[in-house]
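Spelled out, the chains give:
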Amino acid sequence: MVDKFRCFSKVDVICMMQNCPNEALSCANDWDCATAVTCVSSCGAEQKCVVGCLNAYANDVFDNFTKCAVTANTCINLNKPDLPFKCSKPGKMVTELELSQLDGKWYKLGGSNSLYDCYDCQLHHYAASAPGANTTTVQVDYLVKGVQGGLQLKTIHRQVSQPDPANPGILVQDYAFNGLASLAEWRVLYICDTCHIALMYYCGDIDVYGFQGMALFSRQPKISKFERRVLWLWGYDISNFCHARTKHCPY
């Protein structure tokens, strides 16, 4: 399996044998996991390619392997992009926000980053929050195209915190993406309890890869013309957003 790692910036085989022998062996004997490693290793530092490989092939065996070999023990380093990534965080955001306003289900209707915002059937389900709480969790479900056709369900569990009482619109989400450590700052730009929509900016990283975007959420699987008008009046034009499919979803 060592030859499959030839395109990573660092591969410490001794480290893997000492710290992740079972995970490495399981991956070598699992076709999807071994193929995912080969696929990722061919991407160099191209984030779109890496994410495509993870969506197509990654499974629980791969997640356990990368969690051990990449995240926990740094036996393997992914190739860093040539240019450092820098977020362009908006200064304008909501000045009042209780986490309980997010409780329940939100459909992700689309956003400005086509690599992350437009998977089919994206549903964010926030756990119920006690009044005044500054932590919660969110389960993110979405569908990706499998390598052999059809759609596969992906689920990510994220820890959410509201770290700065002076800026309640800033949320931090901590999670693993296919075993790779990810940390993202979300800024709630607009939220309407009566019209049931929210617009959020996000910026973060998955291991060495940075990302950012702006995403539109709704309590309903579609947005009305009135809600679009509301966002426009608040200064947000979503006409160039990619659109996620929210019809005929299995959940």
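Let me sum up the structure you'll find in this document. Keep in mind that what you see is a predicted model, and the values were worked out from it rather than measured.

A word on the packing of aromatic side chains
Phase 1 of the analysis: All told, the structure shown has 7 aromatic pairs when counted by the stated rule.
Phase 2 of the analysis: Relative to Tyr202, the ring of Trp186 lies with its centre 5.0 Å away and its plane at 35 degrees, an arrangement referred to as tilted. Here Tyr202 lies in strand S9 (residues 197–206) and Trp186 lies in strand S8 (residues 180–192), a separation of 16 residues in the sequence. The same class applies to Trp186 and to Tyr202, which are both buried.
Phase 3 of the analysis: Here the aromatic rings of Trp186 and Phe217 are separated by 6.1 Å at their centres, their planes lie at 55 degrees, and the arrangement is tilted. Linking Trp186 in strand S8 with Phe217 in strand S10 (residues 209–218), this pair joins segments that are 31 residues apart in sequence. For the residue pair Trp186 and Phe217, the accessibility class agrees, reading buried in each case.

Regarding the nonpolar core
Across soluble globular proteins, nonpolar side chains have a tendency to be buried as a group.
Phase 1 of the analysis: Among the nonpolar cores identified, the biggest contains 55 residues, and Leu54, Phe65, Leu102, Leu171, Phe177 and Ile191 are the most heavily contacted of them.
Phase 2 of the analysis: Element by element, the count of residues in this core is highest for helix H4 (residues 47–57), at 6 residues.
Phase 3 of the analysis: If near-sequence neighbours (up to four positions away) are discounted, Leu171 is found in contact with Leu97, Leu99, Leu102, Val160, Ser161, Gln162, Ala184, Glu185, Trp186 and Val188.
Phase 4 of the analysis: Within the second largest apolar cluster, 18 residues are counted, among which are Leu189, Cys192, Cys195 and Cys203.

Side note on the environment of Lys154
Phase 1 of the analysis: Relative to the assigned elements, Lys154 resides in strand S6 (residues 151–161).
Phase 2 of the analysis: The buried category is assigned to Lys154, whose relative accessible area is 10%.
Phase 3 of the analysis: Between the alpha carbons of Lys154 and Asn55 there is a distance of 8.5 Å; along the sequence they are 99 residues apart.
Phase 4 of the analysis: Excluding residues within four positions of it along the chain, Lys154 makes contact with Leu54, Asn55, Ala58, Val140, Asp141, Tyr142, Val144 and Asn178.
Phase 5 of the analysis: At 3.3 Å, the side chain of Lys154 forms a polar contact with the backbone oxygen of Ala58.

Details of the pattern of salt bridges
Phase 1 of the analysis: This structure, assessed with the given rule, holds 4 salt bridges.
Phase 2 of the analysis: The closest approach of N and O atoms between Asp120 and Arg245, which form a salt bridge, is 3.7 Å. In this pair, Asp120 is assigned in strand S4 (residues 120–126) and Arg245 in the segment after strand S11 (242–243), connecting sequence segments 125 residues apart.
Phase 3 of the analysis: Ionic pairing is found between Glu185 and Arg187, a salt bridge with its closest N-O pair at 2.6 Å.
Phase 4 of the analysis: What makes Glu185 buried here is its relative accessible area of 17%.
Phase 5 of the analysis: With a relative accessible area of 12%, Arg187 lands in the buried category.

Some thoughts on the side chain of Glu227
Phase 1 of the analysis: For Glu227, the position within the fold is in helix H6 (residues 225–233).
Phase 2 of the analysis: For the buried residue Glu227, which engages in no salt bridge, the nearest side chain bearing the opposite charge is Arg228, 7.7 Å off.
Phase 3 of the analysis: At 2.9 Å, the side chain of Glu227 forms a polar contact with the backbone nitrogen of Ser224.

Topic: unusual backbone geometry
Phase 1 of the analysis: In this structure, His196 is a non-glycine residue whose phi angle is positive, near 65 degrees.
Phase 2 of the analysis: Its location among the elements puts His196 in the loop between S8 and S9.

Observations concerning the environment of Ala58
Phase 1 of the analysis: Its place among the elements puts Ala58 in the loop between H4 and helix H5 (60–72).
Phase 2 of the analysis: Separated by 153 residues in sequence, Ala58 and Phe211 place their C-alpha atoms 20 Å apart.
Phase 3 of the analysis: Setting aside residues up to four positions removed in sequence, Ala58 forms contacts with Ala36, Cys53, Asp63, Lys154 and Asn178.

Here's the deal with a nonpolar patch on the surface
Phase 1 of the analysis: Where nonpolar side chains cluster on the molecular surface, the patch consists of Trp232, Leu233 and Trp234 and spans about 390 Å² of accessible area.
Phase 2 of the analysis: Counting through the fold element by element, Leu233 comes out in helix H6.

Some thoughts on the state of the cysteines
Phase 1 of the analysis: According to the stated counting rule, one finds 9 disulfides in the structure shown.
Phase 2 of the analysis: Through a disulfide, Cys15 is tied to Cys75; the S-S separation comes to 2.0 Å. Residues Cys15 and Cys75 are joined through a disulfide that is left-handed, its torsion about the S-S bond being -60 degrees. Of the two residues, Cys15 is situated in helix H1 (residues 13–19) and Cys75 in the loop between H5 and strand S2 (76–77); the sequence distance between them amounts to 60 residues. Side by side, Cys15 and Cys75 carry an identical accessibility label, which is buried.
Phase 3 of the analysis: What pairs with Cys192 in a disulfide is Cys195, and their sulfur atoms sit 2.1 Å apart. Each member of the pair, Cys192 as well as Cys195, carries the same accessibility label: buried.

Conventions and cut-offs
Residues numbered from 1 in each chain as written. Predicted model: local features only at pLDDT ≥ 70, side-chain atom pairs only at ≥ 80, totals over all residues. Heavy atoms only, no water. Phe/Tyr/Trp six-rings, centres within 6.5 Å; stacked < 30°, edge-to-face > 60°. Helix = DSSP H or I, 4+ residues; strand = E, 2+ residues; numbered from the N terminus. Buried < 20%, exposed > 50% of the residue type's maximum accessible area, 1.4 Å probe, protein only. Core = buried A, V, L, I, M, F, W, Y, C linked by side-chain atoms within 4.5 Å. Contact = heavy atoms within 4.5 Å. Polar contact = N/O pair within 3.5 Å; in protein donor to acceptor, adjacent residues only side chain to side chain. Salt bridge = Lys/Arg side-chain N within 4 Å of Asp/Glu carboxyl O. Lys, Arg positive; Asp, Glu negative; His and termini not counted. Patch = residues over 30% accessible without salt bridge, like charges linked within 9 Å, V, L, I, M, F, W, Y side chains within 5 Å. Areas by Shrake-Rupley, 256 points an atom, 1.4 Å probe, with all protein chains shown as cover. Disulfide = S-S within 2.5 Å.

All quantities given are derived from atomic positions and should not be read as evidence of function.
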